[in-house]
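The lines below spell out each chain.
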Amino acid sequence: DRIVCWSGTLGRTLGAPTLLNSEAQTFNSLFIALSGMIEMVRGLPIQILLEPYTAHVLGDAAACVRLARKFPSGEVRVVLDAPNLLPVRLRLTGPGLAETIFQLVAHLAPVVGLVHLKDFAPGEDGRPRFFRSGAGVLDYGAYLRAIARSLPEVPVVIEQVTSIAEMRAARVFVQATLKEC
């Protein structure tokens, strides 16, 4: 069983970046909060999974790995969600993006407990807008190859679907892309 939650932010909104999120005190506060959660579920077959986001306390792969390693028994892991972690300037398909995706997945693989599949495209304000798999600009071939290579046994969830039709379209897209990999 899993408890999945955001890694948290001190920003005014979920997507608003703030330098406070990168301070040691904020990171330590997250560690203390997680330690308390672990005590509350001790003895239960529960794993706590944190979903990172560039504007949150766990805003990059290094912070994710650093936090998960503070819990060496594996009771805290992270959600692999590439659109949430790729630097904005690299989110578009382009030279070097596939290698960046492979590096991200390989770096996080030892601490991943769940994979989220979704897509994104930049909004008019430059912030990402999230969509079902295949409806945005993420290099899904590279993403799925990296997942298959580094995380073949980790559960996968398709996100950002709001109807049965979108769910089916996302599933068909993911299956077809996997066949090409």
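Computed from a prediction, not measured in an experiment: that's the story for all the values here.

Here we look at the sheet that holds strand S7 (residues 156-158)
Piece 1. Taken in spatial order, the 5 strands make up an open sheet running S1-S2-S3-S4-S7, and their pairing is parallel. Only two strands of the sheet have a single neighbouring strand rather than two, namely strand S1 (2-6) and S7. Geometrically, the sheet is characterised by an average inter-axis angle of 30° between neighbouring strands, direction not taken into account.
Piece 2. As paired elements, strand S2 (residues 47-51) and strand S3 (residues 76-80) share 3 bridges and run parallel to each other. Bridge pairing in S3 links isoleucine 48 to valine 76.

Topic: the pairing of strand S6 (residues 128-131)
Piece 1. In this sheet, S6 lies alongside strand S5 (residues 119-122) in antiparallel orientation, the contact comprising 4 bridges. Its bridge partner lying in S6, phenylalanine 120 is registered against phenylalanine 130.

Overview of the pairing of S2
Piece 1. In terms of burial, S2 is largely enclosed, as 4 of its 5 residues are buried.
Piece 2. Inspection of the sheet shows S1 paired to S2 by 5 bridges, in the parallel sense. The residue bridging valine 4 from the neighbouring strand is leucine 49, located in S2.
Piece 3. With helix H1 (residues 24-41) bridging S1 and its parallel neighbour S2, the resulting β-α-β unit is right-handed.
Piece 4. Crossover S2 to S3 through helix H2 (residues 61-69) is right-handed.

Cut-offs used in this document
Residues numbered from 1 in each chain as written. Predicted model: local features only at pLDDT ≥ 70, side-chain atom pairs only at ≥ 80, totals over all residues. Heavy atoms only, no water. Pairing = 2+ DSSP bridges. Helix = DSSP H or I, 4+ residues; strand = E, 2+ residues; numbered from the N terminus. Axes fitted to C-alpha atoms, helices over the stretch in contact; angles between N-to-C directions. Buried < 20%, exposed > 50% of the residue type's maximum accessible area, 1.4 Å probe, protein only. Right-handed = clockwise from strand over helix to strand, strands pointing away.

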